[in-house]
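# Architecture and fold: a report
Spelled out, the chains give:
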Amino acid sequence: MQRKVGIEALAVAVPSRYVDIEDLARARNVDPAKFTSGLGAREMAVTDPGEDTVALAATAAARLIRQQGVDPSRVGMLVVGTETGIDHSKPVASHVQGLLKLPRTMRTYDTQHACYGGTAGLMAATEWLASGAGAGKVAIVVCADIARYGLNTAGEPTQGGGAVALLVSEQPDLLALDVGLNGTCTMDVYDFWRPIGRREAVVDGHYSISCYLEALSGAYRGWREKAVAAGLVRWSGSLPGEQLARIAYHVPFCKMARKAHTQLRLCDLEDAKDSKAGTPEAREELAKSAASYDAQVASSLGLNARIGNVYTASLYLALAGLLHGEGAKLANQRIGLLSYGSGCMAEFFSGVVGEKAAERMARADLDTVLARRERVPIEEYERLMKLGSDAPETKAPPPGAFRLTEIRDHKRLYAEGGAA
Ligand code: HMG
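Residues numbered from 1 in each chain as written. Predicted model: local features only at pLDDT ≥ 70, side-chain atom pairs only at ≥ 80, totals over all residues. Heavy atoms only, no water.

With that settled, the discussion passes to the site of the ligand. If you check the shell around the ligand, you find 28 residues, and the closest are Lys 34, Glu 83, Cys 115, Lys 255 and Lys 259. A distance of 3.1 Å separates an oxygen atom of the ligand from a polar atom in the side chain of Asn 309. One of the backbone nitrogen or oxygen atoms of Ser 342 is found 2.8 Å away from an oxygen atom of the ligand. For the ligand, whose free accessible area comes to 1,100 Å², the fraction covered by protein is 75%. Looking at the shell around the ligand, the elements that each hand over two or more residues are helix H2 (32-38), helix H6 (205-229), helix H7 (254-271) and strand E13 (334-341). Of the residues belonging to the shell around the ligand, the class tally is twelve nonpolar, eleven polar and five charged. (Near = heavy atom within 4 Å. Polar contact = N/O pair within 3.5 Å; in protein donor to acceptor, adjacent residues only side chain to side chain. Areas by Shrake-Rupley, 256 points an atom, 1.4 Å probe, with all protein chains shown as cover. Helix = DSSP H or I, 4+ residues; strand = E, 2+ residues; numbered from the N terminus. Nonpolar A, V, L, I, M, F, W, Y, C, P; charged D, E, K, R; others polar.)

Moving on: the packing of aromatic side chains. Under the defined criterion, the tally for this structure stands at seven aromatic pairs. Geometrically, the ring pair formed by Phe 192 and Tyr 311 is edge-to-face, given 5.4 Å between the ring centres and 75° between the ring planes. With a gap of 119 residues between them, Phe 192 in strand E10 (residues 192-193) and Tyr 311 in the loop between helix H10 (302-307) and helix H11 (314-326) connect regions that are remote in the sequence. Residue class for Tyr 311 comes out buried when judged on its relative accessible area of 3%. Between Tyr 220 and Trp 223, the ring centres sit 5.9 Å apart and the planes meet at 25°, which makes this aromatic pair stacked. (Phe/Tyr/Trp six-rings, centres within 6.5 Å; stacked < 30°, edge-to-face > 60°. Buried < 20%, exposed > 50% of the residue type's maximum accessible area, 1.4 Å probe, protein only.)

Right, let's talk about the packing of helix H3 (residues 53-68) against helix H4 (residues 92-99) for a bit. At a minimum axis distance of 9 Å, the contact between H3 and H4 shows a crossing angle of 50°. On the basis of the axis angle, H3 is oblique to H4. Between H3 and H4 lies a crossing whose hand is right-handed. Counting all contacts with H3, which are made through Thr 53, Val 54, Ala 57, Ala 58 and Ala 61, the residues of H4 involved are Val 92, His 95, Val 96 and Leu 99. (Axes fitted to C-alpha atoms, helices over the stretch in contact; angles between N-to-C directions. Parallel < 35°, antiparallel > 145°, perpendicular 65-115°, else oblique. Left-handed = near helix turned anticlockwise from the far one by under 90°. Contact = heavy atoms within 4.5 Å.)

Here it is as structure tokens:
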């Protein structure tokens, strides 16, 4: 019998500051409606150099262990998915191991493929457990990133930062994954990249959206073929995608989830043998269904709208937002997830929400995590953006959080704030 494997619990860490997206629009002489309804943003997380990727990853992992009562001696694998690491060689995961005093016997490494890196880590951990190689152990997968495009760029209102730590185990209280049914699609494209030495991403914005949608189509069709064969969804009654209770997408900005959902529906409508919508125009209209988006997608976007893009963590913020609001309602129901990383790689996978999802999410205390942040004016955001990444300001770490305090002889030193 196949082992039941998946996500047991999660924890979220966010930077201590944010800007209101309408303040940013006004400062850039842009109609605020472009950022709010055009992109779907409300707030944008702002980091300072002391809140680097290690600090955010360690804060999320420490919070996961504390909130969920994880026995550190059971952790056999720690993977950090990130595209904004702090060293070309030493992984973020090794810092987290040291800061949290996790077992020396475990496997640690980082995974990178733009925003897909976290999913690569989740799949490695899941397959490690499903194979039996990790029997008796649990894995921690941390997705941590700081999204930076720079001041006065088109990507600026889609910046953000943070981390989501996932506890992966054979007790998937949040989400039991349908192991082996994943659909994948990869293409060699230059849609978004960050050459060595650059802090800000280079992006071909509109092209990146079309790459995301094309890769989604390949990944979704791959998953659907396997899911139909396994009897999880059918071509009768309703469209296969409609049989998923919810779908969480990679969210570089919230409006992208709407475009993604339209594309997924279009795949089903184009491939349905007895399609009621015969013409391409009619299919396009049906694909855009607001009712379908409202029912299957909208409820996952609350955290993304208030934090912004967190690259590897964005899909898992959507999952967190979804289960934070609807964990009890979705118990025993199957949901779909779409991960996308530029470059590019997409993976569609699915899982069944656990009966203890609401209880696990209550322990993650997401309302408090967000409420502790400070809203800053645009001048302060711009000042922080101009600071060098190796110039942490002297500031006490908030309770329960890690901060970079100093770089000495090219070594990064961190401190943890007192009891949370
Ligand atoms: P832009 O070109 O300035 O914006 O930048 P736009 O002109 O396309 O407008 C955006 C939307 O606002 C449009 O809606 C406009 O109609 C609407 P749409 O037509 O798309 O539905 N709009 C308004 N709405 C209401 N009132 C108004 C108004 N004006 C316009 N007054 C762009 C947009 C996304 C290109 C830019 O923000 C960007 O470059 N972002 C970064 C790239 C990105 O997020 N790409 C997403 C796909 S790639 C991906 O997800 C991977 C990634 O996460 C990285 C990784 O993998 O590591 C990015």
